[in-house]
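These are the residues of each chain, in order.
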Amino acid sequence: MKTIEHWIGGSPTQNSATATQPVYNPATGAEQARVVLGGAADVDAAVPAATAAFETWSESSLTQRTQVMFAFRQLLVEHEEELGRIISAEHGKTVDDARGEIVRGREVVEFACGLGDILKGGFSDQVSRGVDVHNFRQPLGVVAGITPFNFPAMVPLWMHPIAIATGNTFILKPSERDPSAAIFVAELYQRAGLPDGVFNVVHGGKDAVDAILSHPGIHAVSFVGSTPIAKYVHEQATAHGKRVQALGGAKNHAVVLPDADLEFAANHITAGAYGSAGERCMALSVAVAVGSAADGLVEVLERKAREVKVGPGDAPGTEMGPLVTKAAQERVENAVGTAATQGATVVVDGRGLKVDGHENGFFTGPSLLDHVTAEMDAYQEELFGPVLAIVRVDTLDKAIELINANPYGNGTALFTGSGEAARRFQRKVRVGMIGINVPVPVPMSYYSFGGWKDSLIGDSPIHGPEGIRFYTRPKVVTTRWPQPRQQVAAGFTFPTSS
């Protein structure tokens, strides 16, 4: 049985870990590896390695850091298929979907490759007589990322390339459900020429997380996961004097107006709802049918949900794989039953799906619920599975009210042919990321990713310009160079620029 170890100081190690946890193949239900579960002692080992590496890495030239990022980016291209299969085997998503997340993560590496322009400071000449001012940004030190199971490559890639490119060293605590991608990425970094200790991986659960949040040698923490844990991470890390990025959960709505092309809208909503078995923070979990669009939309969504090909993630033609664990499968199927009990119409029932040859896999089929109301559990809870709830409203204004009343504000989409409606929607809706006829509006790497309300705890989004600001701090230098033996009067009043 393969054991997945930590990666500290440039090599795999179990360090002090004695406990392990199984890593499953979700398509078969079989245990395929065991991952070591670290704690405070393992974080204590990683921090000195990262601290020592910071002393030299933070002094490295922009050219050296850029060369590493270019080499790392090329290795991600060359090993995209291999990394995609590693992700698929532990997460369950299709290989093509896994390759997609690698590409979106690689875009942040490409953003980091433009380091010279990103880190340019500013200069102001002659702000006062003989006085100039310039500014620049410097890295924080050792920083950490705590990342979720649903994107084992992409979400960490939204963090560590920017942190490392700006001169920090990084400790990653990936999900223990699918930990192998993190180790593969560590090996690629080493091959790209990144010095040992700059990128480290510590596996584990709550003990490892708490050690990261409280360790005095870690200066910033980036987190993506559920809202309750995001709040916990934010509270604990800020209490220990750290910067925090804490991205939480979501309940993303897709609004469909009567003037929308229903085939187009339903096609994209189906992909947005059931892609990756709904295990995305940007998944569409609610379709808001406005007025006369409702009946026709439900009809097309039902047809398309029944056409989704469910199977192992590495099988040709598979569009949706299994859920990540047995517990996730049971939770999602119980939610469908609860919705029916509370009065929703189960248009498509994905419960009890069996895939030939993979009867023990964690599969459930797409489920489509109609006549869902805002009071039902299926609307209020983040199900994180292939369940699409349809809520019917009379007008676009009612749809906006529904979305704004929801505690989450991560992503939303509007399907329409009206520019006026689109403009009104994007200005009125209280959500951080908006798609107009785009179902999953994940921004490009040179924009920042982050929601509003309970989808972002604190005020620090992730990647893009916000990532640069998060992983660095500014210095402003005011300079005077008087001529030799020149006497410049010193005043006892507060200095001015006259």
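Here, every reference points to the structure presented above.
Residues numbered from 1 in each chain as written. Predicted model: local features only at pLDDT ≥ 70, side-chain atom pairs only at ≥ 80, totals over all residues. Heavy atoms only, no water.

Most of strand β9 (residues 169-173) is tucked away, with 5 of its 5 residues classed as buried. In β9, alternate side chains face the same way, and those of T169, I171 and K173 on one face and F170 and L172 on the other are all buried. Here β9 runs beside strand β10 (residues 199-201); their pairing, made up of 3 bridges, is parallel. Of the residues in β10, the one forming a bridge with L172 is V201. Between β9 and its parallel partner β10, the chain crosses via helix α8 (residues 180-191), and the hand of that crossover is right-handed. (Buried < 20%, exposed > 50% of the residue type's maximum accessible area, 1.4 Å probe, protein only. Helix = DSSP H or I, 4+ residues; strand = E, 2+ residues; numbered from the N terminus. Pairing = 2+ DSSP bridges. Right-handed = clockwise from strand over helix to strand, strands pointing away.)

This brings us to the environment of S418. Note that S418 resides in the loop between β19 (411-415) and α16 (419-428). With a relative accessible area of 24%, S418 lands in the partly exposed category. Once the C-alpha coordinates of S418 and L257 are considered, the two residues, 161 residues apart in sequence, prove to be 9.1 Å apart.

What follows deals with the pattern of salt bridges. If you walk through the whole model with that rule in mind, you get 24 salt bridges. Across the pair E80 and R106 runs a salt bridge whose closest N-O atoms are separated by 2.9 Å. Separated by 26 residues along the polypeptide, E80 in helix α3 (residues 80-91) and R106 in helix α4 (residues 95-113) bring together distant segments of the chain. Residue classification places E80 among the buried positions, given a relative accessible area of 11%. (Salt bridge = Lys/Arg side-chain N within 4 Å of Asp/Glu carboxyl O.)

Attention now goes to the pairing of strand β6 (residues 122-128). Of the pairings in the sheet, the one linking β6 to strand β7 (residues 131-139) comprises 4 bridges and is antiparallel in character. Residue S128 lies in a different strand from β7, and its bridge partner there is V131. The turn joining β6 and β7, which pair antiparallel and follow one another in sequence, is formed by 2 residues; a positive phi near 75° is taken by G130.

What follows is about helix α11 (residues 262-274). A rise of 1.5 Å per residue sets the reference length of α11, with its 13 residues, at 18 Å; its end C-alpha atoms lie 18 Å apart and thus fit the reference within 8%. Listing the buried residues of α11 in full gives A265, A266, I269, T270, G272, A273 and Y274. Structurally, the start of α11 carries an N-cap: the backbone nitrogen of E263 is 3.1 Å from a side-chain oxygen of D261. Residue S276 follows α11 closely and has a positive phi angle near 60°. (Expected span 1.5 Å × (residues − 1). Polar contact = N/O pair within 3.5 Å; in protein donor to acceptor, adjacent residues only side chain to side chain.)

Our next topic: a nonpolar patch on the surface. On the surface, a nonpolar cluster with roughly 350 Å² of combined accessible area is contributed by M444, Y446 and Y447. One can find M444 in the loop between β20 (433-436) and β21 (452-453). We classify M444 as partly exposed; its relative accessible area is 33%. (Patch = residues over 30% accessible without salt bridge, like charges linked within 9 Å, V, L, I, M, F, W, Y side chains within 5 Å. Areas by Shrake-Rupley, 256 points an atom, 1.4 Å probe, with all protein chains shown as cover.)

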